[in-house]
Amino acid sequence: STEIRAQWAKNRGYLVNEESFSEEQKLLIEKNDITLGMNQKAVMESWGDPDVIEVAGDPIYGNERWQYSKYVSATEGFQKQIKVVYFESGHVVGWESN
């Protein structure tokens, strides 16, 4: 149920005031970086709007996968880099890039 998932997220420290960021998160946002437990608003502040958002299950649970893509300088010119961020209960639980 929604209440059980909210309690689970609260017990793990994922539920914080969504309008404010910790000092650590503010520094990460300035560096365009993310960390585990960061909420979706903080990720948007750091990396901007995602190119693709995929929702797993009911959207009310906040289980999503965000994909970002950009071109970065490489020895052979520019290369496309893709980063994927995974959210549970609206907070980062992992990410990967290629």
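Note: the structure precedes this text.
This is a predicted model, so every value here is computed, not measured.

Our next topic: the sheet that holds strand β4 (residues 91-97). The four strands are arranged β1-β2-β3-β4 in an open sheet whose pairing can be described as antiparallel. At either margin of the open sheet sits one strand with a lone partner, and together these are β1 (52-55) and β4. Here the strands of the sheet are splayed against their neighbours by 25 degrees on average, with no regard to which way each runs. With six bridges connecting them, strand β3 (residues 77-88) and β4 associate as antiparallel partners. By the bridge assignment, F87 is partnered in β4 with V92. Docked against the sheet, helix α3 (residues 40-47) engages β2 (64-74), β3 and β4, running at close to 15 degrees with respect to β2.

Scanning all chains against the criterion turns up two salt bridges. Its salt-bridge partner being K26, residue E23 comes within 3.4 Å of it at the nearest N-O pair. You can see E23 and its partner K26 sitting in helix α2 (residues 23-30), three residues apart, about one turn around the helix. Notably, a salt bridge pairs R65 with E54, separated by 2.4 Å at the nearest N-O pair. A residue pair is termed long-range when its members are at least 10 positions apart, and R65 in strand β2 and E54 in strand β1 qualify at 11 residues. Its relative accessible area of 36% is what places E54 among the partly exposed residues.

Let us look at the packing of α2 against α3. Close contact between α2 and α3 brings their axes to 8 Å; oriented N to C, the two are set at 30 degrees. If you check the angle between α2 and α3, you find them roughly parallel. For the element pair α2 and α3, the recorded crossing hand is right-handed. Contact residues: Q25, L28 and I29 in α2; A42, E45 and S46 in α3. Split by residue class, the contact of α2 with α3 holds three nonpolar, two polar and one charged.

Here is what the cut-offs are and how they apply
- Within each chain, residue numbers correspond to sequence positions counted from 1 in written order.
- For a predicted model such as this one, the threshold for reporting local features is a pLDDT of at least 70, and the threshold for listing and counting side-chain atom pairs is 80 or more; totals across whole chains, interfaces and linings nevertheless cover every residue.
- Hydrogens and water are ignored here; the side-chain numbers use all heavy atoms of the structure.
- If DSSP finds at least two bridges between two strands, the strands pair.
- For helices the rule is a DSSP run of H or I covering at least 4 residues; for strands it is a run of E covering at least 2, with both sets numbered from the N terminus onward.
- Lines are fitted to the C-alpha atoms to define the axes, a helix being fitted only along its stretch in contact, and any angle between axes, read from their N-to-C directions, falls within 0 to 180 degrees.
- Contact between two residues is taken to exist if any of their heavy atoms lie within 4.5 Å; hydrogens are not considered.
- Any Lys or Arg side-chain nitrogen located within 4 Å of an Asp or Glu carboxyl oxygen qualifies as a salt bridge.
- Only protein chains enter the accessibility calculation, which uses a 1.4 Å probe. A residue is then buried if its area is under 20% of the maximum for its type, exposed if over 50%, and partly exposed in between.
- Here is the rule for angles: anything less than 35 degrees is roughly parallel, anything more than 145 is roughly antiparallel, 65 through 115 is roughly perpendicular, and the remaining ranges are oblique.
- For a crossing to be left-handed, the near helix must be turned anticlockwise from the far one by less than a right angle; the clockwise case is right-handed.
- Residue polarity is assigned by list, with Asp, Glu, Lys and Arg as charged and Ala, Val, Leu, Ile, Met, Phe, Trp, Tyr, Cys and Pro as nonpolar; anything else, Gly included, falls into the polar class.

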